[in-house]
Amino acid sequence: MTARPRVGILATGDRWHVQELGRALERLGCEAVACPATRMTGRIAPGVPGAGPAAGGGPSGPKEGAIGAGGVDLGALEALLVRFIPPGSLDQIVFRVDALHALHDGGVPVVNPPRALERTVDKHWTSRLLAEAGVPTPRTIAAEGFDDALAAFRDMRDVLVKPLLGSGGRGIVRVTDEDLAYRVFRALEMQRSVFYVQEFVPHGRSDLRFLVVGGRVVAAARRTGAGWKTNVAAGAEMRPHRPGPGEEELAVRAARAVGADYAGVDLLESEAGGPLVVEVNGIPGWRALQRTTSVDLASEVARLVHERVEERRAEALPAR
Ligand SMILES: Nc1ncnc2c1ncn2[C@@H]1O[C@H](COP(=O)(O)OP(=O)(O)O)[C@@H](O)[C@H]1O
Ligand SMILES: [Mg+2]
């Protein structure tokens, strides 16, 4: 009999999603293991390669293995689901994501793959990949310099200035006035922010959110806000939405463009020029979306992770 696969859920806080995913994984016969995202460790032992448990030291040495988190040996897991990586210093973020790379390269399936996490956390990189994949996305200029940001504003005149690594709509400001642009960019310059300046797309007060899992849209909803910002965190309401075939295809292509196994995709219906993808979230939440559908969304995500486990087990079998 084969052992129950141990699957880690990397998170800090975020109890609702962790519990939902834990239950869904257990239903699929996995053992769900909580892995604290703020307590990762890396151990390197001379002459012992790899991310497996062997590098953890002798029998009396630490039990965490080469890469751990709060006492869990991540290298001994059959898959790791990244649920939440909290904001942190540059050191903390680089360390955590690079440790996930090492784990993934060492053969433990990480969902989403660390490369996809990096791509989706950086709005400029996401926008670029979307455009390169032929997925329509608004005109955007990212810049480090104040003068370039101001020139971008002068070029477009009605823009959103977004935090490069932002989420939940927090801190996004609409700028239509040159003096305001000047003040906003000067203030951001003091924080050494990268300017992400995007053409404002008139879309009424709603947009569409799709949850794509394994190349399929498993849920879709219309979010309606009080103004142009339609994040649930900003007070928007969600209603079920039946995606048109074109929308579904766009959402799936957007997730694929960033290499995400599953993703939350935000789509604006521009009044002038059809649908535009504005965001691909590599660690999407679905608590509000769950209320709009009878499909169990945690089960969809868990099933995807379980598939990775099965694929890896199949690869490990000796060839016949
Ligand atoms: N170019 C745009 N024009 C008009 N509204 C936009 C544009 N980009 C984003 N929005 C609105 O702002 C919200 C947040 O933007 P988004 O890029 O998804 O950032 P976040 O990561 O903070 O959710 C979107 O859900 C949408 O309602
Ligand atoms: Mg968004």
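Here goes a summary of the coordinates provided. All residue numbers refer to position in the chain's written sequence, counted from 1. All chains are assigned letters beginning at A, and all ligands numbers beginning at 1, according to the order in which they are written. Totals for whole chains, interfaces and linings use every residue, but because this is a predicted model, local features are given only for residues with pLDDT of at least 70 and side-chain atom pairs only at 80 or more, for both listing and counting. Excluding hydrogens and water, the side-chain values take into account all heavy atoms of the structure.

## Observations regarding the overall build of the protein
Helix and strand assignments come from DSSP, with helices taken as H or I runs of at least 4 residues and strands as E runs of at least 2, each series counted from the N terminus. Assigned secondary structure in the protein consists of 9 helices and 16 strands. With respect to the principal axes defined by its C-alpha atoms, the protein has extents near 65 × 45 × 35 Å. A burial count over the protein gives 49% of its 320 residues as buried. Whether two residues touch is decided by their heavy atoms; if any such pair falls within 4.5 Å, the residues are in contact. For the protein, the proportion of contacts with a sequence separation of at least 24, taken over those separated by at least 6, is 66%. Three exposure classes are used, based on accessible area relative to the maximum for each residue type with a 1.4 Å probe and protein chains only: buried under 20%, partly exposed in between, and exposed over 50%.

## Regarding the side chain of T292
Within the secondary structure, T292 is located in the loop between α8 (287-290) and α9 (297-316). Each polar contact in these results corresponds to two N or O atoms within 3.5 Å; when the atoms are within protein, one needs to be able to donate a hydrogen and the other to accept it, and residues that are neighboring in sequence are counted only if both atoms are side-chain atoms. For T292, the side chain forms a polar contact with the main-chain oxygen of L289, separated by 2.7 Å. T292 has contacts with A220, A221, M238, R239 and P240, leaving out every residue within four places of it along the chain.

## Topic: the layout of surface pockets
Any empty space left between the atoms is revealed when a probe the size of a water molecule rolls over them. In this structure, the largest pocket spans a volume of roughly 1,500 Å³. Along the wall of the largest pocket there are 44 residues; nearest its centre are I85, V121, L165, G166 and S167. Here the lining of the largest pocket gets 5 residues from one element, more than from any other, and that element is helix α2 (residues 90-105). For this classification, the nonpolar set comprises Ala, Val, Leu, Ile, Met, Phe, Trp, Tyr, Cys and Pro, the charged set comprises Asp, Glu, Lys and Arg, and every other residue, Gly included, is treated as polar. For the lining of the largest pocket, the class distribution of residues is 21 nonpolar, 11 polar and 12 charged. There is about 260 Å³ of room inside the second largest pocket. In this analysis the probe radius is 1.4 Å and the grid spacing 1 Å, with only protein atoms considered; a cavity is a set of points the probe fits into but cannot get out of, a pocket is an open set with protein on both sides within 12 Å along at least five of seven lines, and lining residues have an atom within 4 Å of a point. Together, 14 residues line the second largest pocket, and K162, P163, L188, Q191 and S193 are the ones closest to its centre. Of all the secondary-structure elements, those providing two or more residues to the lining of the second largest pocket are β9 (159-162), α6 (178-190) and β11 (195-199). Grid points are joined across faces, edges and corners, and a volume is the space filled by probe spheres set on the points.

## Description of the state of the cysteines
Any two cysteine sulfur atoms within 2.5 Å of one another count as a disulfide. By the definition in use, this model includes 0 disulfides. No disulfide involves C30; its nearest neighbouring cysteine sulfur is the one of C35, lying 13 Å away. Residue classification places C30 among the buried positions, given a relative accessible area of 0%.

## Quick look at the site of ligand 1
Taken together, 24 residues lie around ligand 1, and K123, K162, G169, T230 and E279 are the ones closest in. Within the backbone of G166, a nitrogen or oxygen atom sits 3.3 Å from an oxygen atom of ligand 1. Here an oxygen atom of ligand 1 and a side-chain polar atom of N231 are 2.8 Å apart. All accessible-area figures derive from a Shrake-Rupley calculation using a 1.4 Å probe, and residue coverage is judged against the displayed protein chains alone. Protein contacts shield 99% of the accessible area of ligand 1, which totals 540 Å² for the unbound molecule. For this analysis, a molecule is said to be in a pocket or cavity if more than half of its atoms are within 2 Å of the grid points defining it. If you map ligand 1 onto the pockets, it falls in the largest cavity. A molecule or strand has a residue near it when one of that residue's heavy atoms lies within 4 Å.

## Describing the coordination of the magnesium ion (ligand 2)
Here the magnesium ion (ligand 2) is held by D266 (OD) and E279 (OE), and the distances to it run 1.9 to 2.2 Å. A residue pair is termed long-range when its members are at least 10 positions apart, and D266 in strand β15 (residues 262-270) and E279 in strand β16 (residues 274-281) qualify at 13 residues. Across the pair, exposure class does not vary: D266 and E279 are buried alike. Only N, O and S atoms count as donors, using a 2.8 Å cut-off from the metal and 3.2 Å for Na, K and Ca, and because water is excluded some sites may appear unfinished.

## Re the pairing of β15
The buried count for β15 comes to 8 of 9 residues, which makes it a mostly enclosed element. Here, strands pair whenever DSSP counts at least two bridges between them. Pairing of β15 with β16 involves 7 bridges; the strand directions are antiparallel. Among the inter-strand pairings, D266 is bridged to a residue of β16, identified as E279. The loop that links β15 with its antiparallel partner β16 comprises 3 residues.

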